[in-house]
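# Descriptive analysis of the structure
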Amino acid sequence: MKLLILYFSGTGNTDYVAHYLARQWANLPVEIELRSVEQQPAEAVTDFDVLTAGFPVYACDSPPFVQDYLDRMAPGEGRGAFVFCTKGAWAGSAVWRNLHRLAERGYVPLGGGSVTMPGTDGLALIPKNSRMARMALEKDYDHLEDADRLAEQLANVLSGLVAGQPVQAFRQRLPRRLNPNGGLFDRVWAFLYESVGNYARTKFWADERCTGCGLCTQLCPANNIELREGHPHFADDCFLCMRCIHACPQEAIQIGKITVNKFRWHGPRGDFKPLRLRPRPEESSLHVNN
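The model shown is predicted, which means the values in this text are computed figures rather than measured ones.

## Some thoughts on the overall build of the chain
Helices and strands together make up the secondary structure of the chain, namely 9 helices and 9 strands. A principal-axis box enclosing the C-alpha atoms of the chain has dimensions of 60 × 45 × 40 Å. Of all 290 residues assigned to the chain, the portion counted as buried reaches 51%. Once local pairs closer than 6 in sequence are excluded, the contacts in the chain between residues at least 24 apart make up 80%. For the chain, the exposed surface amounts to about 13,900 Å²; the carbon and sulfur share of it is 51%.

Following this line, the structure appears as structure tokens:
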């Protein structure tokens, strides 16, 4: 049996949790493969028995291109699907929405949940020596209770499938009519998030510390950054993954003035390298488009 963990990670949290879950399941008689959606065309996601899809939460849902990605995936043909998300604050109905999307593609929903991690949008706004920054750096990432519960939940399902039980025996009942806009709190939270986001998208720039290295153009999952005369130009397709801000080696990329000399996040271990999740140059045709 083959388990595919397919995920998007902007600044390292979802990448870390995906590998954390894989380690928790390493003792199961299951082949486990991890893939980045940035390297794997949606239509070519095949050759597995059970899917685990992971993503960070944006406005009580997954990023728009992840939603589109799931809608374009090859039919599930009765295979099982499990969904997890990473959140800084409120996940809302994000997991249920993506289970619905996969169910509509013919996957059997097996459940899911959220894992609380440092909110990297907020981290870019706080001082480097702040209490919140220290809490993010000092959190015990070897023991994530939310992730442990998810790992146990799916381990029970996988063990049953390996023992010969049908996937339908583990189907999770989804709400019959999931409001596409979520509940009242979801709608309020999403409205506030998008209101702030719409403003922030227009304020990206690079200060005098920029060396024109072009790393941001290579890292952007929306292909939203272009180098012009040695300086980054930001277009209108940003979905605020915050990758360029946190990954810039000079800390030159800013949102207005509010992020200048503020905290930068490099993943739970401080070693997140998002370039490894991107297509190689010879595979540029596989880039995810927003």
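So much for the structure itself; the text now carries on.
## Quick look at the pairing of strand β7 (residues 225–228)
Across 4 bridges, β7 lies against strand β8 (residues 231–234) in antiparallel orientation. What sits directly across from Arg 228, in β8, is His 231. Hairpin connection, β7 to β8: the antiparallel pair is bridged by 2 residues, and Glu 229 has positive phi, about 55 degrees.

## Here we look at the packing of aromatic side chains
What the rule picks out here adds up to 10 aromatic pairs. Where Phe 8 meets Phe 239, the ring centres are 6.1 Å apart and the plane angle is 70 degrees; that geometry is what we call edge-to-face. In this pair, Phe 8 is assigned in the loop between β1 (2–7) and α1 (13–24) and Phe 239 in the loop between β8 and α9 (243–247), connecting sequence segments 231 residues apart. Relative accessible area serves as the criterion here: at 5%, Phe 239 is assigned to the buried category. Between Phe 204 and Phe 234, the ring centres sit 5.7 Å apart and the planes meet at 45 degrees, which makes this aromatic pair tilted. With Phe 204 in strand β6 (residues 204–206) and Phe 234 in strand β8, this pair connects stretches of sequence that are 30 residues apart. For the pair shown, Phe 204 and Phe 234 are each scored as buried.

## Concerning the nonpolar core
Among the nonpolar cores identified, the biggest contains 49 residues, and Met 73 and Phe 204 are the most heavily contacted of them. For this core, the secondary-structure elements that each account for two or more residues are β1, β3 (50–56), α2 (64–72), β4 (80–87), α3 (94–104), α7 (184–200), α9 and β9 (253–255). The residues touching Phe 204, leaving out its near neighbours within four places in the chain, are Phe 234, Cys 238, Leu 240, Cys 244, Ile 245, Ile 253, Gln 254 and Ile 255. With 39 residues, the next largest nonpolar core counts Tyr 7, Val 17, Leu 21 and Phe 263 among its residues.

## Concerning the confidence of the model for the chain
Residue-level pLDDT values for the chain average 92, and 94% of them are 70 or greater. Across residues 284–290, where pLDDT falls below 50, the model places 20 contacts with residues more than four positions away in sequence or in other chains.

## Considering the pattern of salt bridges
This structure, assessed with the given rule, holds 17 salt bridges. Across the pair Glu 38 and Arg 278 runs a salt bridge, and its minimum N-O distance is 2.9 Å. With Glu 38 in the loop between β2 (31–36) and β3 and Arg 278 in the segment after β9, this pair connects stretches of sequence that are 240 residues apart. On the basis of relative accessible area, Glu 38 is assigned to the buried category, the value being 0%. With a shortest N-O distance of 2.8 Å, Arg 209 and Asp 207 are connected by a salt bridge. Classification of Asp 207 as buried rests on a relative accessible area of 5%. Counted as one network, the salt bridges with shared partners bring together Lys 2, Glu 33, Arg 35 and Asp 47.

Cut-off values and rules
- Residues numbered from 1 in each chain as written.
- Predicted model: local features only at pLDDT ≥ 70, side-chain atom pairs only at ≥ 80, totals over all residues.
- Heavy atoms only, no water.
- Helix = DSSP H or I, 4+ residues; strand = E, 2+ residues; numbered from the N terminus.
- Buried < 20%, exposed > 50% of the residue type's maximum accessible area, 1.4 Å probe, protein only.
- Contact = heavy atoms within 4.5 Å.
- Areas by Shrake-Rupley, 256 points an atom, 1.4 Å probe, with all protein chains shown as cover.
- Pairing = 2+ DSSP bridges.
- Phe/Tyr/Trp six-rings, centres within 6.5 Å; stacked < 30°, edge-to-face > 60°.
- Core = buried A, V, L, I, M, F, W, Y, C linked by side-chain atoms within 4.5 Å.
- pLDDT = per-residue confidence, 0-100.
- Salt bridge = Lys/Arg side-chain N within 4 Å of Asp/Glu carboxyl O.

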